[in-house]
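Residue strings, one per chain:
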Amino acid sequence: MTPHSLAFYVDVVTTGTVLGVCPTASPDSVSEVLGPDFGEKMFSDRSMCRDYGMTEFFWDRPSVGHAWSGHHFTLQVHRLAYRGRTLTEEKLRARYGRFTPRLRFEKLRRLLERRGIALVEIPDPVNAPYYRMFWQPSSQVAISVIGTYGDHSTPDNLKVGDVYSIQAPVTADEVKWRKARVG
């Protein structure tokens, strides 16, 4: 039997969405699904993030007069190891139950493989060797995993093989760029 929180991660990696919300959704659409409890950070008048706890959605726009355009989302899975199981959004807990403080990558990978969902390791030139990156081409989801421990490079509350974060979309062009950077 799959624990409910694992089902959430499988759903995200399989669909490239959070509760059906895609990375390009508007701020209002995301809040309709995840709720009104979020922290909002403006990086400039053209870039914004809404932090719902574990889930962050990012938007940008060409100028103040334009609508926000969804850029990507990131599941900050590593936060669960520090802030406890209640960090996850109420809507996620209502649907999937309690979340464990750490997500083991191999467990997630096995569940995905049983469903015919393959992951491909891709380079992480900025964060290697401390982090490894795995990619699901169809859903364009990337999973960052602790590759090796490093003082001041990896969180103390996570172990090698723990998932650090999950992000979408990571496009085929970005994967190509990453591969070119490592030669």
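Thresholds applied
- Residues numbered from 1 in each chain as written.
- Predicted model: local features only at pLDDT ≥ 70, side-chain atom pairs only at ≥ 80, totals over all residues.
- Heavy atoms only, no water.
- Helix = DSSP H or I, 4+ residues; strand = E, 2+ residues; numbered from the N terminus.
- Rg over C-alpha atoms; globule rule 2.2 N^0.38 Å.
- Contact = heavy atoms within 4.5 Å.
- Areas by Shrake-Rupley, 256 points an atom, 1.4 Å probe, with all protein chains shown as cover.
- Phe/Tyr/Trp six-rings, centres within 6.5 Å; stacked < 30°, edge-to-face > 60°.
- Lys NZ or Arg CZ within 6 Å of the ring centre and 35° of its normal.
- Pairing = 2+ DSSP bridges.
- Axes fitted to C-alpha atoms, helices over the stretch in contact; angles between N-to-C directions.
- Buried < 20%, exposed > 50% of the residue type's maximum accessible area, 1.4 Å probe, protein only.
- Arc of directions from axis to C-beta.

Caption draft 1: Geometry of the overall build of the chain. Within the chain, the regular secondary structure consists of six helices and eight strands. The helix and strand sequence of the chain, counted from the amino end, reads α-α-β-β-β-β-α-α-α-β-β-β-β-α. Over its C-alpha trace the chain gives a radius of gyration of 16 Å, about what one expects of a compact globule, namely 16 Å for 183 residues. Dimensions of the chain along its principal axes, counting C-alpha atoms only, are 45 × 40 × 35 Å. Partitioning the contacts of the chain with sequence separation of at least 6, the portion at a separation of at least 24 is 49%. Within the structure as shown, the chain displays about 9600 Å² of accessible surface, and the carbon and sulfur contribution to it stands at 49%.

Caption draft 2: View of the packing of aromatic side chains. As enumerated under the stated definition, the model contains ten aromatic pairs in all. Ring centres of Phe38 and Tyr52 lie 5.3 Å apart, and the angle between their planes is 50 degrees; this geometry places the pair in the tilted category. Remark: Tyr52 occurs in the loop between β2 (47–51) and β3 (55–60) and Phe38 occurs in the loop between α2 (27–34) and β1 (39–44); sequence separation between them is 14 residues. Arg50 extends its terminal NZ or CZ atom over the ring of Trp59, reaching a point 5.9 Å from the ring centre.

Caption draft 3: Local environment of the sheet that holds strand β8 (residues 163–168). Taken together, the eight strands give an open sheet; going across it, the order is β1-β2-β3-β4-β8-β7-β6-β5, and neighbouring strands pair in antiparallel fashion. Strands with a single pairing partner mark the edges of an open sheet, and in this sheet they are β1 and β5 (120–122). Across the sheet, the mean angle from the axis of one strand to that of its neighbour is 25 degrees, orientation sign disregarded. Looking at chain direction, β2 and β3 are connected through five bridges and run antiparallel. If you follow Arg50 over to β3, its bridge partner there is Phe57.

Caption draft 4: Fine view of α2. Where α2 is concerned, the buried positions are Pro27, Val30, Ser31 and Leu34. One side of α2 carries all its buried residues, which in axial view fall inside an arc of 95 degrees. The outward face of α2, more than 90 degrees from its buried face, is lined by the exposed residues Asp28 and Glu32. Buried positions along α2 lie against β2, β3 and α4 (90–96). Of the residues trailing α2, Gly35 is marked for its positive phi of about 105 degrees.

Caption draft 5: Molecular detail of the environment of Asp37. By the secondary structure assignment, Asp37 is in the loop between α2 and β1. When its relative accessible area of 66% is taken as the criterion, Asp37 is described as exposed.

The analysis is restricted to geometry; functional conclusions fall outside its scope.
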